[in-house]
Amino acid sequence: TMIVAFVAIFIADTIGLAWGIISGYTGGKFDLFSQRINDVLMSFPSIILALLLLVVMGAGLETVIIAIAVTRIPGSQRVIRAVVLAVKEAAYVEAARAIGASPIRVMARHVAPQTYAPLIVVATTSLGGAIFTEASLSFLGLGIPPPSPSWGNLLGGLLLESLRPPWWLMIAPGVCITTTILAFNLLGDGLRDHFDPRLRGKL
């Protein structure tokens, strides 16, 4: 579960970072087209979109990672794009363009570093959602196939036993899922407060 969540979020945030920077910096028709694609992806509930992708690609570790990553790309892209739209109007970005820096250099050296802090916050908060999605898919039997261990598989396998022994084995994966998601959400809130000087009482 943790491997799937971390790898999926890494892939999703990497693609979302590049896509958001290019879309926000270039603007124009490319940005408009990118936002329409983003709207289509965000119109699907993440679990439904992941189920559709798994039906097309088949169950397996790699396909679960890809399915979860695709559902997390739009959120990362939208946050990064919003940051880029504000940063690209800064004086130092205008100065870099004035001295003849190429758009790729401006995006890589001057715009991208300003997006790392919000990207970290988005990644930590998205980890909880990725864990929940993976557990849900495995619980439904469309996630990581046995005998690979997964919290969702543990819950799904014990569901057939209903309330008969060993029903208490359902407590462990349920508590682990709940605690891990809560921990990553609290970590994301803490990082947001740390990176935002207004929330620290500083200007």
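Given the structure is predicted, the values throughout are model-derived calculations rather than measurements.

Could you give an account of the overall build of the protein, with specific residues and numbers?
Counting its regular elements, the protein contains nine helices and zero strands. For the protein, the α and β elements follow one another from N to C terminus as α-α-α-α-α-α-α-α-α. Expressed as a percentage of its 203 residues, the buried residues of the protein come to 41%.

Residues and numbers for the nonpolar core, please.
Core analysis: the biggest nonpolar cluster contains 27 residues, and V4, I68, I131 and I177 have the highest contact counts within it. Looking at this core, the elements with two or more residues in it are α1 (2-26), α3 (46-57), α4 (61-87), α7 (116-139), α8 (151-159) and α9 (171-195). With residues up to four places along the chain from it excluded, the contact list for V4 reads L61, V64, I65, I68, E134 and I144. Membership of the second largest hydrophobic core comes to 14 residues, among which are I21, V106, V111 and A112.

Can you break down the environment of A59 residue by residue, with the values?
Position of A59 relative to the elements: it lies in the loop between α3 and α4. Through-space distance from the C-alpha of A59 to that of L137 is 9.7 Å; in sequence the pair is 78 residues apart.

Now, about the pattern of salt bridges: what can you tell me, with residues and values included?
Tallying each qualifying case throughout the model produces four salt bridges. When the shortest N-O distance is used, the salt bridge between R78 and D39 registers 2.6 Å. Of this pair, R78 sits in helix α4 while D39 sits in helix α2 (residues 28-43), and the two are 39 residues apart along the sequence. Taken together, the salt bridges that share partners define one network made up of R36, D39 and R78.

Hey, could you go over the layout of surface pockets for me, with residue numbers and the actual values?
The calculated volume of the largest pocket comes to roughly 180 Å³. For the largest pocket, the lining is made up of 13 residues, of which M42, T71, R72, P74 and G75 are closest to its centre. Listing elements by their share of the lining of the largest pocket, those giving two or more residues are α2, α3, α4 and α7. In terms of residues, the lining of the largest pocket owes the most to one element, α4, which gives five residues. Residue composition of the lining of the largest pocket, grouped by class: seven nonpolar, five polar and one charged.

Lay out the confidence of the model for the protein in plain terms, naming residues and giving numbers.
Of all residues in the protein, 90% have pLDDT values of 70 or greater, and the mean over the chain is 81. Mean pLDDT across the elements of the protein bottoms out in α8 (70) and peaks in α1 (89).

Account for the packing of α1 against α2, with residues named and values stated.
At their nearest, the axes of α1 and α2 sit 7 Å apart, and the two run at 135° to each other. With respect to α2, the element α1 is oriented oblique. For the crossing formed where α1 meets α2, the hand is left-handed. In this structure, α1 contributes W19, I22, S23, G24 and T26 to the contact, and α2 contributes G28, F30, D31, S34, Q35, I37 and N38. The residue makeup of the contact of α1 with α2, split by class, is four nonpolar, seven polar and one charged.

About the thresholds
- Each chain carries its own residue numbering, running from 1 in the written order of its sequence.
- Under the rules for a predicted model, residues below a pLDDT of 70 receive no local features and side-chain atom pairs below 80 are neither given nor counted, while totals for whole chains, interfaces and linings still include all residues.
- Values reported for side chains reflect all heavy atoms of the structure, with hydrogen atoms and water molecules removed beforehand.
- Helix numbers and strand numbers start at the N terminus; a helix is a DSSP run of H or I with at least 4 residues, a strand a run of E with at least 2.
- Type-normalised accessible area, obtained with a 1.4 Å probe on protein chains alone, sets the label of each residue: buried when under 20%, exposed when over 50%, and partly exposed for intermediate values.
- The term nonpolar core refers to a set of buried residues drawn from Ala, Val, Leu, Ile, Met, Phe, Trp, Tyr and Cys, joined through side-chain atoms within 4.5 Å.
- Residue contacts are counted whenever heavy atoms from the two residues lie within 4.5 Å of one another.
- Salt bridge, as used here: a side-chain nitrogen of Lys or Arg that lies within 4 Å of a carboxyl oxygen of Asp or Glu.
- We place a 1 Å grid over just the protein atoms. Points where a 1.4 Å probe fits but has no way out form a cavity, open points with protein on both sides within 12 Å along at least 5 of 7 lines form a pocket, and any residue with an atom within 4 Å of a point lines it.
- Grid points are joined across faces, edges and corners, and a volume is the space filled by probe spheres set on the points.
- Any residue that is not Ala, Val, Leu, Ile, Met, Phe, Trp, Tyr, Cys, Pro, Asp, Glu, Lys or Arg is counted as polar, Gly included; the first ten are nonpolar and the last four charged.
- Note: pLDDT gives the predictor's confidence per residue, expressed from 0 to 100.
- Axis definition: a line fitted to C-alpha atoms, over the contacting stretch in the case of helices. Angles run 0 to 180 degrees between N-to-C directions.
- Orientation categories follow fixed angle ranges, with anything under 35 degrees roughly parallel, anything over 145 roughly antiparallel, 65 to 115 roughly perpendicular, and all other angles oblique.
- Crossing handedness: left-handed means the near helix sits turned counterclockwise from the far one by under a right angle, and right-handed means the same turn made clockwise.

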